[in-house]
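Report on the structure
The chain contents come next:
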Amino acid sequence: MKKISVVLLSLFAFLVISCENEPIDPALQVNNGSSNNVNAAIYKWRFKLDGVLYEWEGNHIINPNSGGQSTYSINSIALQKTNSNNFPILTVSMIFPSTSTGNFVFNSSNSSTNNAFQITFINSNSSIDNLYSTTSGGTMNVNISSLSNVTLYSNPTNPGKVIGTFSGTIKSALGGSNIATITDGSFEAIRGQ
């Protein structure tokens, strides 16, 4: 009987240790400090515009002064970088025709209020330094690979993530024929709604 107890206790300990090391679905990472989820509450984005890297990483829910944000809410994504006064100096916005995973194509032939991709650079004088938009030209491909059902609205202490990638070309909306190439675009955004 004693040998059976030792074997059962050993199996139970093995199961507990195995479950603690299970991989976590990135779309369900949460705002907590649990030791088995070290990347929890890290939201981030990055992309290269004509080879120049722009990126941000942080937690704008816990720390509004984190220098940026990455948020998905009501079919739209807002990726921002802010200055020391929390004023947006770079904004990437995407408006999707539906709330779903999958591939989305943005270009001038399908741009509308429900389907748009735009990058805005603001200078130190709080005026637009450059504005790129698919309504002006180019084609951006966006893939949302993971869309959590849990939102900040439904569970403020345990929201989910929206994860995706983007790349393509985009034209300056300030005139001329300036077309920029976007590569290595990715985001992990909090699911606001």
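This text goes with the structure placed above it.
As the structure is a computational prediction, the values presented were derived from the model and not from experiment.

1. Comments concerning the overall build of the protein
Across its full length, the protein carries one helix and 11 strands. Counting only residues that meet the buried cut, the protein has 38% of its 193 residues in that class. At a minimum sequence separation of 6, the contacts of the protein that also span at least 24 residues come to 56%. Surface exposure of the protein reaches about 10,500 Å², of which carbon and sulfur atoms provide 55%.

2. Brief notes about the environment of T82
Its place among the elements puts T82 in strand 4 (residues 76-82). Sequence spacing of T82 and I122 is 40 residues, and the spatial spacing of their C-alpha atoms is 9.8 Å.

3. Here's the deal with the environment of S70
By the element assignment, S70 lies in strand 3 (residues 68-73). Sequence-wise, S70 and V92 are 22 residues apart; in three dimensions their C-alpha atoms are separated by 9.5 Å. Sequence-distant contacts of S70, that is, excluding residues within four places in its chain, are made with Y43, K44, W45, W56, H60, A78, L79, F187, E188, A189 and I190. A distance of 3.2 Å separates a polar side-chain atom of S70 from the backbone oxygen of E188.

4. Comments concerning the pattern of salt bridges
In this structure the tally under the stated criterion is three salt bridges. A salt bridge links E55 to R46; its shortest N-O distance comes to 3.9 Å. Judged by relative accessible area, E55 falls into the partly exposed class, the value being 39%. The shortest N-O distance in the salt bridge between E188 and K161 comes to 2.9 Å. Of the two residues, E188 sits in strand 11 (residues 179-191) while K161 sits in strand 10 (residues 161-172), which places them 27 residues apart along the sequence.

5. Section: the pairing of strand 2 (residues 52-58)
Pairing of strand 1 (residues 43-49) with strand 2 involves seven bridges; the strand directions are antiparallel. From the neighbouring strand, F47 faces strand 2, where its bridge partner is Y54. A loop of two residues connects strand 1 with strand 2, the two strands running antiparallel in sequence, and D50 in this loop sits at a positive phi of about 50°.

About the cut-offs
Residues numbered from 1 in each chain as written. Predicted model: local features only at pLDDT ≥ 70, side-chain atom pairs only at ≥ 80, totals over all residues. Heavy atoms only, no water. Helix = DSSP H or I, 4+ residues; strand = E, 2+ residues; numbered from the N terminus. Buried < 20%, exposed > 50% of the residue type's maximum accessible area, 1.4 Å probe, protein only. Contact = heavy atoms within 4.5 Å. Areas by Shrake-Rupley, 256 points an atom, 1.4 Å probe, with all protein chains shown as cover. Polar contact = N/O pair within 3.5 Å; in protein donor to acceptor, adjacent residues only side chain to side chain. Salt bridge = Lys/Arg side-chain N within 4 Å of Asp/Glu carboxyl O. Pairing = 2+ DSSP bridges.

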